[in-house]
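# Observations on the model geometry
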Amino acid sequence: MTPYEKFSSTALGLIAALSMTSAAVSDELTIATVNNGDMIRMQGLTDDFTEKTGHTVEWVTLEENVLRQRVTTDISTKGGAFDLMTIGMYEAPIWAKNGWLVPLDDLSDEYNADDLLPAMANGLSYDGTLYAAPFYGESSMIMYRTDLMEKAGLTMPKAPTWDFIKEAAVAMTDRDNEINGICLRGKAGWGEGGAFITAMSNSFGARWFDENWKPQFDTPQWANTLNFYVDLMTQAGPPGYATNGFNENLSLFQQGKCGMWIDATVAASFVTNPNDSTVADKVGFALAPDTGLGKRSNWLWAWALAIPAGTEKEAAAKQFIEWATGTGYIELVAEKEGWANVPPGARTSLYENPNYQSVPFAEMTLESILSADPNNPTVDPVPYVGVQFAAIPEFAGIATEVSQEFSAVYAGQQTVEEALAKAQALTTDAMEAAGY
């Protein structure tokens, strides 16, 4: 063997050894996520990711309000507790602008980022670059008991008004049998009850701010929204609705205790799943209601995965994003649990898939998503982007306080007038302090 051949042989051996060592390196990813059904389902399938990549996952699963607080505190202080965070359309562009997130502009061709629904990709981007990948996308719509609607002698329109919803809710209410005509969010939190009442207010002609950033809680439109909501829930809602959020209302509906529920389109797979829902074969769907002013009460949202800047496990984190939000994961869920249970609202190809087109709520979900317009969310012009939120950094703190005032009304602790006066004052103070 010549010296050159000996050197080449040694070098090749070193390269092979390094390659084997590199392939064997694995990371443990810490992921913060919300405690809803789709995310919990994903945790149960994580072994598939580990088998494919060698990486393991530690899940930190939190209630929605707690999740928002934990991840916001961690990323703003550069705490480094998480390698991946579950965030949404509110946080993604704001945090990206601050330089807090890793851009996702180098995902593989196989991932096919162009397949993401434009409504979702745009809401999770900043300056044209994707910073969070949608695990699922959603709007909101009406889910209702077809048997109770028929018993009430009514027919649900595809696009009902709030007046019809109130009439139907009262007619379906049966207190003796613990059936509430309607279940709606009242729980404090800008992304809980705050999200619902803001989306509802859009259809009543209300808005958070006018074009000069002046708060609008002292207007008739907000008074009409809140008074209508309280009257509706008093007549036809469940006891203690002031503390009910998504998960609490989901449980009530699945137990057969709600005639109607207006909430996230993603809930459709849970209320129609016979393994979990006692009314799975008695559920119909309709668009979120309006008041005839041209705006419906549906929001636009995505729960998405993002990588905090500074993580030492960026490559592994991107592998997880490609696994969890790619088409392969959709096929994995479909194989194990059926097409009705795949994460919805994120990819165009899903709604072109004949298997999914046969799912009873697929068309209504897509129509609801496409009808939400974050650039023109209200009847009158506004200076902000966002349907159930205003995409400014100050919003989360302000809206959390406002939602607490509203929940106090629902709990009977103060009047609508008192809550709106407090909302107007605290929002005005906060916006002036922020320099608007």
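This text goes with the structure placed above it.
Nothing here was measured: the structure is a model prediction, and the numbers come from that model. (Residues numbered from 1 in each chain as written. Predicted model: local features only at pLDDT ≥ 70, side-chain atom pairs only at ≥ 80, totals over all residues. Heavy atoms only, no water.)

## A short note on the state of the cysteines
Under the criterion given, the structure shown has one disulfide. Covalently, Cys 183 is tied to Cys 258 through a disulfide, its sulfur atoms 2.0 Å apart. Handedness of the Cys 183-Cys 258 disulfide follows from its S-S torsion of about -85°: it is left-handed. Highlighted residues: Cys 183 in strand β8 (residues 180-183) and Cys 258 in strand β9 (residues 258-264), separated in sequence by 75 residues. With respect to class, Cys 183 is no different from Cys 258; both count as buried. (Disulfide = S-S within 2.5 Å. Helix = DSSP H or I, 4+ residues; strand = E, 2+ residues; numbered from the N terminus. Buried < 20%, exposed > 50% of the residue type's maximum accessible area, 1.4 Å probe, protein only.)

## Topic: the pattern of salt bridges
What the rule picks out here adds up to 20 salt bridges. Note that Arg 68 is salt-bridged to Glu 64, the shortest N-O span being 2.6 Å. One end of the pair, Arg 68, and the other, Glu 64, are both in helix α4 (residues 64-76), four residues apart, so they sit about a helical turn from each other. The pair formed by Arg 68 and Glu 64 is uniform in burial state, with each residue classed as buried. Put simply, Lys 318 and Asp 106 hold a salt bridge, and the shortest N to O gap is 2.9 Å. (Salt bridge = Lys/Arg side-chain N within 4 Å of Asp/Glu carboxyl O.)

## Looking at the sheet that holds strand β3 (residues 84-87)
If you trace the five strands from one edge of the open sheet to the other, you get β2-β1-β3-β11-β6, paired in mixed fashion. With one partner strand each, in any of the chains shown, β2 (56-62) and β6 (133-138) form the two edges of the open sheet. Averaged over all neighbouring strand pairs, the angle between strand axes comes to 15°, with direction disregarded. One ladder, built from seven bridges, connects strand β1 (residues 28-34) with β2; its direction is parallel. Pairing of Leu 29 across the sheet is with Val 57, part of β2. This element, helix α13 (residues 314-325), spans β1, β2, β3, β6 and β11 (301-306) of the sheet and lies at about 30° to β6. (Pairing = 2+ DSSP bridges. Axes fitted to C-alpha atoms, helices over the stretch in contact; angles between N-to-C directions. Contact = heavy atoms within 4.5 Å.)

## What about helix α10 (residues 220-236)?
Residues spaced three or four apart along an α-helix point in a common direction, a consequence of the helix completing one turn every 3.6 residues. Here α10 contains 17 residues, and its C-alpha end-to-end distance of 24 Å stays within 8% of the 24 Å for a straight helix at 1.5 Å per residue. When α10 is considered as a whole, its buried residues turn out to be Trp 222, Thr 225, Leu 226, Phe 228, Tyr 229, Val 230, Leu 232, Met 233 and Ala 236. Turning to α10, the residues buried within the fold contact α8 (162-172), β8, α9 (193-203), α18 (395-410) and α19 (416-433). (Expected span 1.5 Å × (residues − 1).)

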